[in-house]
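Next come the chains, spelled out residue by residue.
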Amino acid sequence: DFLVEMYGLSSSEIEFYPLGGNIISESRKAELSKKVRVLHGYEADDILVVHSGKLSSSKKTKELIEAFVLVKSEKLKLIIIGSIPNEEKEILEPLIYSDSRINFVGWKNAEELTEYLCAADIYFQPGTQSATMQNAICCGAPVALYPYTSHELYIENNGFYVSSIDDYIDVLNSILNDKYVLKNMSAASYVIARKLLDYKVLAARMY
């Protein structure tokens, strides 16, 4: 859109070339998911909601936690990965410790983050954009994303748009009442990943 509006290029002169990722196979995903669940004592049928980033107010972490604590089910677990800025600690830490289903695991390197994304039944990114979303899709994770225009290509039968606490609650209740919908969404994420995000495919377009 920027290139068309500001530089006057036609649609035939441009194409979408996204940040990509490495596809994690379904079998490897299952191995890593089991590893994370065993590490934290989660059951195989627990529904793991994963959220990550530098947890500034723009990431909507506070709002996500507030919605999560209102959905009362021991099967729901929220894993938060990243760093909490000093100005957010007084806000987020009491919320995190208020619910035993919430697990703040701190900052993780790229390999560790991939393990958690493979364990995720759904990856929540309700605030500002992050390349972790693409990596989550490459791990076959369904996603819940803010409805930015630039997210449109990343959601096709594999997730939800969320823009308010009510939306977060609706999504959590939805996946709680029908976990099988997440299996179908996971398959759809793999379709998007292999079509749009696979580094091998993206590299091939260069030569």
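Before going into details, it helps to say that this report is about the structure given with it. (Residues numbered from 1 in each chain as written. Predicted model: local features only at pLDDT ≥ 70, side-chain atom pairs only at ≥ 80, totals over all residues. Heavy atoms only, no water.)

Considerations on the packing of helix α3 (residues 61–70) against helix α4 (residues 86–97)
The condition is simple: With axes taken as lines fitted to C-alpha atoms, and helix axes fitted only over the stretch in contact, angles between N-to-C directions fall between 0 and 180 degrees. By the criteria applied, helices consist of DSSP H or I runs no shorter than four residues and strands consist of E runs no shorter than two, each listed in order from the N terminus. Roughly parallel refers to an angle under 35 degrees, roughly antiparallel to one over 145, roughly perpendicular to one between 65 and 115, and oblique to any angle outside these ranges. Two helices cross in a left-handed way if the nearer one is turned anticlockwise from the farther one by less than a right angle. They cross in a right-handed way if the turn is clockwise. In this analysis, two residues are considered to be in contact whenever any of their non-hydrogen atoms come within 4.5 Å of each other. All residues other than Ala, Val, Leu, Ile, Met, Phe, Trp, Tyr, Cys, Pro, Asp, Glu, Lys and Arg, Gly among them, are scored as polar; the first ten of these are nonpolar and the last four charged.
One can describe the packing of α3 onto α4 by two numbers: an axis separation of 10 Å at closest approach and a directional angle of 20 degrees. It follows from the interaxial angle that α3 and α4 lie roughly parallel. The hand of the α3/α4 crossing is left-handed. Every residue of α4 that contacts α3 at T61, K62, I65 and E66 is listed here: I91, L92, L95 and I96. Looking at the contact of α3 with α4, its residues break down into 5 nonpolar, 1 polar and 2 charged.

Notes on the environment of N109
So the rule is basically this: The buried label goes to any residue with under 20% of its type's maximum accessible area, the exposed label to any with over 50%, and the partly exposed label to all in between, with areas taken from a 1.4 Å probe on protein chains only. Here a polar contact means two N or O atoms within 3.5 Å. Within protein one must be a hydrogen donor candidate and the other an acceptor candidate, and residues neighboring in sequence count only if both atoms are side-chain atoms.
Structurally, N109 is set in the loop between β3 (102–106) and α5 (110–119). Residue class for N109 comes out partly exposed when judged on its relative accessible area of 42%. The sequence separation of N109 and S130 amounts to 21 residues, and the corresponding C-alpha distance is 15 Å. Reaching out from N109, the side chain makes a polar contact with the backbone nitrogen of E111 at a distance of 3.1 Å.

Quick look at the packing of helix α2 (residues 26–40) against α5
The description of two helices packed together rests on the angle between their axes and the distance between the axes. Running from N to C, α2 and α5 cross one another at 95 degrees; their axes reach a closest spacing of 7 Å. With respect to α5, the axis of α2 lies roughly perpendicular. Where α2 approaches α5, its residues K29, L32, S33, K35, V36, R37, L39 and H40 are matched on the opposing element by E115, Y116, L117, C118 and A119. Residues belonging to the contact of α2 with α5 are distributed by class as follows: 7 nonpolar, 2 polar and 4 charged.

Topic: helix α8 (residues 180–197)
Cut-off, in case you're wondering: Each helix should span, by expectation, one fewer than its residue count multiplied by 1.5 Å.
With 18 residues, α8 should reach 26 Å at 1.5 Å per residue; the first-to-last C-alpha distance of 25 Å fits that figure. Residues L182, M185, S186, A188, S189, Y190, I192, A193, L196 and L197 constitute the buried set of α8.

Here's the deal with the side chain of R37
When you line up the elements, R37 lands in helix α2. Of note is the side chain of R37, whose polar atom sits 2.9 Å from the backbone oxygen of D46. Among the polar contacts listed, one links the side chain of R37 to the backbone oxygen of A119, at a separation of 3.5 Å. For R37, the contacting residues outside a window of four places in its chain are Y42, E43, A44, D46, L48, A119 and D121.

Re the pattern of salt bridges
Rules: Note on definitions: salt bridges are taken to be side-chain nitrogens of Lys or Arg within 4 Å of carboxyl oxygens of Asp or Glu.
Evaluation of the coordinates by the stated rule reveals 10 salt bridges. Salt bridges sharing common partners tie together D45, D46, K75 and K77.

Concerning the nonpolar core
Test applied: Take the buried Ala, Val, Leu, Ile, Met, Phe, Trp, Tyr and Cys residues and link them wherever side-chain atoms come within 4.5 Å; each set so joined is a nonpolar core.
Core analysis: the largest hydrophobic core is formed by 30 residues, its most contacted members being V50, I79, I81, L117, Y123 and I137. Contributing elements (two or more residues each) for this core: α2, β1 (47–54), β2 (76–83), α5, α6 (132–138), β5 (143–145) and α8. Ranked by residue count, the leading element in this core is α5, at 5 residues. Those residues within four positions of I137 in sequence are excluded, and the remaining contacts are V143, Y154, N158, S189, Y190, I192, A193 and L197. Grouped together as the second largest cluster of nonpolar side chains are 28 residues, V49, I65, I102 and M185 included.

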